[in-house]
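# Coordinates in review
What follows is each chain in one-letter form.
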Amino acid sequence: MDLSIQAFMLLFLYTIFLSFSLSLSGVWKHEKSEGHEDYGLVASEKARKYGIATLFDEPVEFIEEPVVLQYELRLQNGIECGGSYLKFLQTPPEGWSADQLDNEAPYSIMFGPDKCGSTNKVHFIFRHKHPKTGEVKEHHLKFPPSPINDKLTHVYTAIIHPNNTLRILIDG
């Protein structure tokens, strides 16, 4: 086994948790990407929902430096109806583990492409609880960019600045 594959498998086995939720029943595979020599995490079945999770060692602070969310995505069969986004979960309740991830897990940020019906955009949704009323509010991009729907690898980046400004980049 190639050293880079071994390193990925160790990282995957010890830091990334597959969801056991029945609502996220898609089967992940680690295999060569179609038409490429590189390996990746592949959603193996059409029309399924997938979930993996990891926990940060400490909360992310938006105080002095920008926070950068970034990932590579290759839609080897394009996208007909689905999303390929990241959700950054709120602080989980005591006793929660990453393998309990499901569609209802409360998140603070959702970021990434989504296409189905008339929806064809890169989401950036920020959710927060109002400190006085306790009401949870969602803030969406007013003019979200469109995702790139081809079979090439693209890098999706969200840069969140401490002054509450945001930049969304695709391959930038």
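The preceding data block contains the structure.
The structure reproduced in this document is the subject of the present report. (Residues numbered from 1 in each chain as written. Predicted model: local features only at pLDDT ≥ 70, side-chain atom pairs only at ≥ 80, totals over all residues. Heavy atoms only, no water.)

### Regarding the packing of aromatic side chains
Any pair of aromatic rings gets described here by the distance separating the centres and the angle formed by the planes. The cut-off we apply is this: Each aromatic pair joins two rings of Phe, Tyr and Trp (for Trp, the six-membered one) with centres within 6.5 Å, and gets the label stacked for planes under 30 degrees apart, edge-to-face for over 60, and tilted for any other angle. Counting from the N terminus, the helices are the DSSP runs of H or I reaching at least four residues and the strands are the DSSP runs of E reaching at least two. Partly exposed describes any residue whose relative accessible area lies between the buried limit of under 20% and the exposed limit of over 50%, with all areas from a 1.4 Å probe on protein chains only and scaled to the type maximum. Any Lys NZ or Arg CZ found within 6 Å of a ring centre and within 35 degrees of that ring's normal is scored as a charge over the ring.
Applying the stated criterion to the full structure yields three aromatic pairs. The interplanar angle of 90 degrees and the centroid separation of 6.1 Å between the aromatic rings of Tyr71 and Phe111 together place this pair among those described as edge-to-face. With Tyr71 in strand β5 (residues 67–74) and Phe111 in strand β8 (residues 107–116), this residue pair connects regions lying 40 residues apart in the sequence. One exposure class covers both Tyr71 and Phe111, and it is buried. Measuring from centroid to centroid gives 6.0 Å for Tyr71 and Tyr156, while their planes differ by 25 degrees, and the two rings are stacked. With Tyr71 in strand β5 and Tyr156 in strand β11 (residues 153–160), this pair connects stretches of sequence that are 85 residues apart. Given a relative accessible area of 13%, Tyr71 falls into the buried group. Judged by its relative accessible area of 1%, Tyr156 is buried. Here a set of aromatic residues connected by ring pairs shows up, and it is made of Tyr71, Phe111, Phe124 and Tyr156. The ring of Tyr107 carries Arg127 above its face, with NZ or CZ at 4.9 Å from the centroid.

### Quick notes on the pattern of salt bridges
What counts is decided by this rule: Just to be clear on terms, a salt bridge is a Lys or Arg side-chain nitrogen sitting within 4 Å of an Asp or Glu carboxyl oxygen.
Evaluated as defined, the whole model comprises one salt bridge. A salt bridge links Glu138 to Arg127; the nearest nitrogen and oxygen atoms lie 3.5 Å apart. Remark: Arg127 occurs in strand β9 (residues 119–129) and Glu138 occurs in strand β10 (residues 136–140); sequence separation between them is 11 residues. The class for Glu138 is partly exposed, based on a relative accessible area of 41%.

### A word on the nonpolar core
The cut-off we apply is this: In this description, a nonpolar core means a group of buried Ala, Val, Leu, Ile, Met, Phe, Trp, Tyr and Cys residues linked to one another through side-chain atoms lying within 4.5 Å. Any pair of residues with heavy atoms lying within 4.5 Å of one another is described as a contacting pair.
Leu69, Ile109, Phe111, Phe124 and Tyr156 are the most contacted members of the largest nonpolar core, which has 13 residues in total. Sorting the residues of this core by element identifies β5, β8, β9 and β11 as the ones contributing at least two each. Tallying contributions element by element places β5 first for this core, with four residues. Not counting residues up to four positions away in its chain, the partners in contact with Tyr156 are Leu69, Gln70, Tyr71, Leu73, Phe111, Pro113, Val122, Pro147, Ile148, Leu169 and Ile170. Counting five residues, the second-largest nonpolar core is a separate cluster that includes Leu24, Ala53, Ala98 and Leu101.

### Here we look at the sheet that holds β11
Hydrogen bonds along the backbone pair up the strands of a sheet, which may run parallel or antiparallel. Threshold: Should DSSP find at least two bridges between two strands, the strands are taken to pair. A fitted line through C-alpha atoms serves as each axis, taken over the contacting stretch for helices, and the angle formed by two N-to-C directions is quoted from 0 to 180°.
Judged by pairing direction, the sheet is antiparallel, and its three strands sit side by side in the order β5-β11-β12 without closing on themselves. Of all the strands in the sheet, just β5 and β12 (166–170) have a single pairing partner and so form its edges. Mean inter-strand twist for the sheet, computed between neighbouring axes without regard to direction, equals 10 degrees. As paired elements, β5 and β11 share eight bridges and run antiparallel to each other. Pairing of Glu72 across the sheet is with Val155, part of β11.

Function-wise, these values are silent; they only describe arrangement.
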